[in-house]
Amino acid sequence: MSDFISDFGYSPAPERTKVAVKERYGLFIGGDFVLPSGDKYFPTYNPANGEKLSEVSEASEEDVDRAVASAKDAFEGWSLLPGRERGKYLFRIARLIQERSRELAVLETMDGGKPIRESRDIDIPLVAAHFFYYAGWADKLEYAFPMRKVSPIGVAGQIIPWNFPLLMAAWKIAPALAAGNTVVLKPAETTPLTALRLGEIIAEAGLPNGVVNIITGGGRTGELLVKHPGVDKIAFTGSTEVGKAIRRAAADTGKKVTLELGGKAANIVFADAPLDQAVEGIVNGIFFNQGHVCCAGSRLLVEESVFEVLMRKLRHRVSTLIVGDPLDKNTDIGAINSEEQLSKIKYYISLAEEEGGEIFQPDVAIPQRGWWCKPTVITGLSQSSRVVQEEIFGPVLAVQTFRTIDEAILKANNTPYGLSGGVWSDKGSKVFRVTQAIKAGVMWGNTYNKFDPASPFGGYKESGIGREGGVFGLYPYVQLS
Ligand code: NAP
Ligand code: MG
């Protein structure tokens, strides 16, 4: 390692794996990359320097038709294949992902801005784990649904966001294929490259043509997919606003819909909690993936008697976080995914100032080029503040206090969302009482942001409908009779 000390006061350790990126990508339809019918392309950038990485195709109505037709054509053959055979393909995809994990991690970081340590140690291993996990279910559907006749639904239209691009693709594709469905997937505009690389992997695995189709494009392409009469099921992960529009669009059709939407989770720290451990959990809860996490612990609720001491520890810890080059293995906080997202975050920080909040940001340097936001901790806001109520989707933590367990539960539940939450206490009975009282799909006790393919994930209230992960993740993709 070089003994050069950067502007940030540490020795940089840049990732050296070179990943080739083509100048342009076509659409993955029918097992091959094809040119978009309208000959339209749009750029994807590296958010760490604002430079264009590549151009990807904008799928037109004709292209969406082609992709859906290809998935429809492939459906009969795929659904009639014995589960054991479908499982073999999924295992093969999982192994190829493992073999190419370094390349995928670097590409994910380049296209999306997340620290390489996260894409390398969390995202990509979980991607492979999801394919392995659902490969295991493919020939055991009669055990997942005993005494029932299990059939696949048909063509699944799947739309995913930019925060965990390849992981969200895995969450969607793996259970759909295990249950015998075929797929048309649309990744987000700012992070299409790893999904397209997955197209290459799928072709290499020899998956029958058309079982998975990957089409790039903007919101309009997503809308065309949702409205397409050949699509039998929509699985969407993204904002609550778009989720509601999709639900409305599907209401007049027979399409089944699952939605994984936004969140504004409370991370609750009781006075009896191991505070140093809680500080690590708070930091991980809100600064993991720059806070671009639907289940982020974006509201910290602290028992009043330990507020001062906890805040002192938290400010100290936040000041040690390294913000900078996402390809550097030391980096804790990478780049903000897009310029648009950065302006949204900045808007909320200025709103917090207007609402009378006290804003803490450590005195760290951030790079000149690209899109960056320092870790931000805001105190002194009321429960009705928009910064406390609305999802910011950035490295911004709103801190409030409480005096009793009931007040903590009340405040935690006072949100239209219900995706996740955390509780920190030395007392097991308190952890169980609070986690049960909070209306959220995923609750963590003395930890945060832990994921496993076998455990279900999804929201209450405006955080969504349906579950992904575990045996529950198969439900949206089967017709039971
Ligand atoms: P978004 O704007 O809703 O976009 C999500 C996806 O939908 C993108 O592929 C987007 O395409 C597409 N899209 C946009 N408008 C559409 C329309 N009218 N019809 C069909 N598709 C459309 O969300 P985002 O900003 O990418 O992601 C952030 C949001 O996702 C946050 O609210 C976060 O909480 C949520 N999220 C939830 C979960 C969960 O599991 N609950 C997980 C991750 C993220 P473009 O990229 O081209 O706009
Ligand atoms: Mg990008």
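Model, not experiment: these values are computed from the prediction. Sequence order as written defines the numbering, with residues in each chain counted from 1. Just so you know, chain letters begin at A and ligand numbers begin at 1, following the order they were written in. Note on the predicted model: pLDDT of at least 70 is required for a residue's local features to be given, and 80 or more for side-chain atom pairs to be given and counted; whole-chain, interface and lining totals, by contrast, use all residues. Working from all heavy atoms in the structure, the side-chain values ignore hydrogens and water.

(A) Local environment of the overall build of the chain. Counting from the N terminus, the helices are DSSP H or I runs at least four residues long and the strands are E runs at least two residues long. Tallying secondary structure elements over the chain gives 15 helices and 20 strands in all. For the chain, the spread of C-alpha atoms along the principal axes amounts to about 65 × 55 × 40 Å. Within the span of the chain, comprising 481 residues, buried residues form 60% of the whole. We call two residues in contact when some of their heavy atoms are within 4.5 Å. Put simply, 75% of the contacts in the chain that link residues at least 6 apart link residues at least 24 apart. Side chains of the chain carry 53 positive and 57 negative charges; the gap between the two charge centres is 4 Å. Here the term buried applies to any residue with accessible area under 20% of the maximum for its type, exposed to any over 50%, and partly exposed to those in between, with areas from a 1.4 Å probe on protein chains only. Counted as positive: Lys and Arg. Counted as negative: Asp and Glu, with His and the chain ends omitted from the count. Taken as the charge location is NZ of Lys, CZ of Arg, CG of Asp or CD of Glu.

(B) Region of interest: the sheet that holds strand β4 (residues 41-46). The three strands are arranged β1-β5-β4 in an open sheet whose pairing can be described as mixed. Of all the strands in the sheet, just β1 (24-25) and β4 have a single pairing partner and so form its edges. Only the stretch in contact is used when fitting a helix axis, every axis being a line fitted to C-alpha atoms; angles between N-to-C directions are given from 0 to 180 degrees. In the packing of helix α3 (residues 101-112) onto the sheet, contacts are made with β4 and β5 (51-57), and the angle to β4 comes to roughly 100 degrees. For two strands to be treated as a pair, DSSP must find no fewer than two bridges joining them.

(C) Summary view of the site of ligand 1. With respect to spatial proximity, 28 residues lie near ligand 1, and among them I160, E189, S239, L261 and E391 are the closest. Within the backbone of I160, one N or O atom sits 2.8 Å away from an oxygen atom of ligand 1. Note that an oxygen atom of ligand 1 is positioned 3.0 Å from one of the side-chain N or O atoms of W162. Accessibility throughout is a Shrake-Rupley quantity obtained with a 1.4 Å probe, and a residue counts as covered only by protein chains that appear here. Burial of ligand 1 by the protein amounts to 87% of the accessible area it has alone, namely 890 Å². Among the secondary structure elements, those contributing two or more residues to the shell around ligand 1 are α8 (219-227), β10 (233-237) and α9 (240-251). With three residues, α8 is the largest single contributor of residues to the shell around ligand 1. Classes in brief: Ala, Val, Leu, Ile, Met, Phe, Trp, Tyr, Cys and Pro nonpolar; Asp, Glu, Lys and Arg charged; the others, Gly included, polar. Residue classes in the shell around ligand 1 are distributed as 14 nonpolar, nine polar and five charged. Whether a residue is near a molecule or strand is decided by its heavy atoms; if any one of them lies within 4 Å of it, the residue is near. Whenever a nitrogen or oxygen atom comes within 3.5 Å of another N or O atom, the pair is scored as a polar contact, on the condition that within protein one atom can donate a hydrogen and the other can accept it, and that pairs from neighbouring residues in sequence are kept only if both atoms are in side chains.

(D) Spotlight on the packing of helix α10 (residues 275-287) against helix α11 (residues 307-319). Following both chains from N to C, one finds α10 and α11 inclined at 55 degrees, their axes separated by 10 Å at the closest point. Considering their axes alone, α10 and α11 lie oblique with respect to each other. When the axes of α10 and α11 are compared, the crossing they make is right-handed. Residues L275, D276, V279, E280, I282, V283 and F287 of α10 pack against V309, L310, K313, L314, R317 and V318 of α11. Throughout, the term roughly parallel applies to angles under 35 degrees, roughly antiparallel to angles over 145, roughly perpendicular to angles from 65 to 115, and oblique to all others. In this scheme the handedness of a crossing depends on how the near helix is turned from the far one: anticlockwise by less than a right angle means left-handed, clockwise means right-handed.

(E) Molecular detail of the pairing of strand β17 (residues 420-424). Counted residue by residue, β17 has five buried out of five residues, so it is predominantly covered. Residues S420, G422 and W424 line one face of β17 and the alternating positions G421 and V423 line the opposite face, and both faces are buried. Of the pairings in the sheet, the one linking strand β12 (residues 266-269) to β17 comprises four bridges and is parallel in character. Within the sheet, the bridge partner assigned to N267 lies in β17 and is G422. In the sheet, β17 pairs with strand β18 (residues 442-445) via four bridges, with the strands oriented parallel. Each bridged residue has a counterpart across the sheet, and for V423 the counterpart in β18 is G445. After leaving β17, the chain enters helix α15 (residues 428-437) and then returns to the sheet as β18, a path that is right-handed. Looking down the strands as they point away from you, a crossover is right-handed if its path from the first strand over the helix to the second goes clockwise.

(F) View of the packing of α3 against helix α7 (residues 193-204). For the pair α3 and α7, interaxial distance at closest approach is 9 Å and the crossing angle is 155 degrees. Judged by the inter-axis angle, α3 sits roughly antiparallel to α7. Of α7, the residues touching α3 (which contributes E103, L104, L107, E108 and D111) are L193, T194, R197 and I201. Of the residues assigned to the contact of α3 with α7, the class counts are four nonpolar, one polar and four charged.

(G) Focus on the layout of surface pockets. If you add up the space inside the largest pocket, you get close to 1300 Å³. Only protein atoms enter the 1 Å grid used here, on which a cavity is any set of points holding a 1.4 Å probe that cannot leave and a pocket is any open set flanked by protein within 12 Å on both sides along at least five of seven lines; residues with an atom within 4 Å of a point are listed as lining. What lines the largest pocket is a set of 47 residues, among which W162, A188, S239, V242 and E340 lie closest to the centre. In terms of residues, the lining of the largest pocket owes the most to one element, α9, which gives six residues. Its residues assigned to classes, the lining of the largest pocket comprises 20 nonpolar, 15 polar and 12 charged. Grid points are joined across faces, edges and corners, and a volume is the space filled by probe spheres set on the points.

(H) Highlighting empty space enclosed by the protein. Per the stated rule, a full pass over the model turns up five cavities of 30 Å³ or more. Lining the largest cavity are 13 residues, and of these F164, L167, M168, W171 and F451 sit closest to its centre. Listed by contribution, the elements that provide at least two residues to the lining of the largest cavity are α4 (116-137) and α6 (165-178). Of the residues belonging to the lining of the largest cavity, the class tally is 12 nonpolar, no polar and one charged.

(I) Structural context of the packing of aromatic side chains. Within 6.5 Å between ring centres, the rings of Phe, Tyr and Trp (the latter by its six-membered ring) count as paired, and their orientation is classed by plane angle as stacked under 30 degrees, edge-to-face over 60, tilted in between. The full count for this structure, using the stated rule, is 16 aromatic pairs. Measuring from ring centre to ring centre gives 6.5 Å for Y45 and W371, while their planes differ by 80 degrees; the resulting arrangement is edge-to-face. With Y45 in strand β4 and W371 in the loop between β14 (358-360) and β15 (376-379), this pair connects stretches of sequence that are 326 residues apart. Relative to F451, the ring of W444 has its centre 5.9 Å away and its plane inclined at 85 degrees; by these criteria the two rings are edge-to-face. Judged by its relative accessible area of 7%, W444 falls in the buried class.

(J) Highlighting the nonpolar core. Within this scheme, the nonpolar core is defined by two criteria: the residues are buried Ala, Val, Leu, Ile, Met, Phe, Trp, Tyr or Cys, and they are joined through side-chain atoms within 4.5 Å. With 106 residues, the main nonpolar core has I97, F131 and L314 as its most contacted residues. Counting residues per element, this core draws most heavily on α6, at 11 residues. When neighbours within four sequence positions are excluded, F131 is seen to be in contact with L90, I93, A94, I97, A170, I173 and A174. In this structure, I159, I215, I246 and L259 belong to the second largest nonpolar core, which totals 22 residues.

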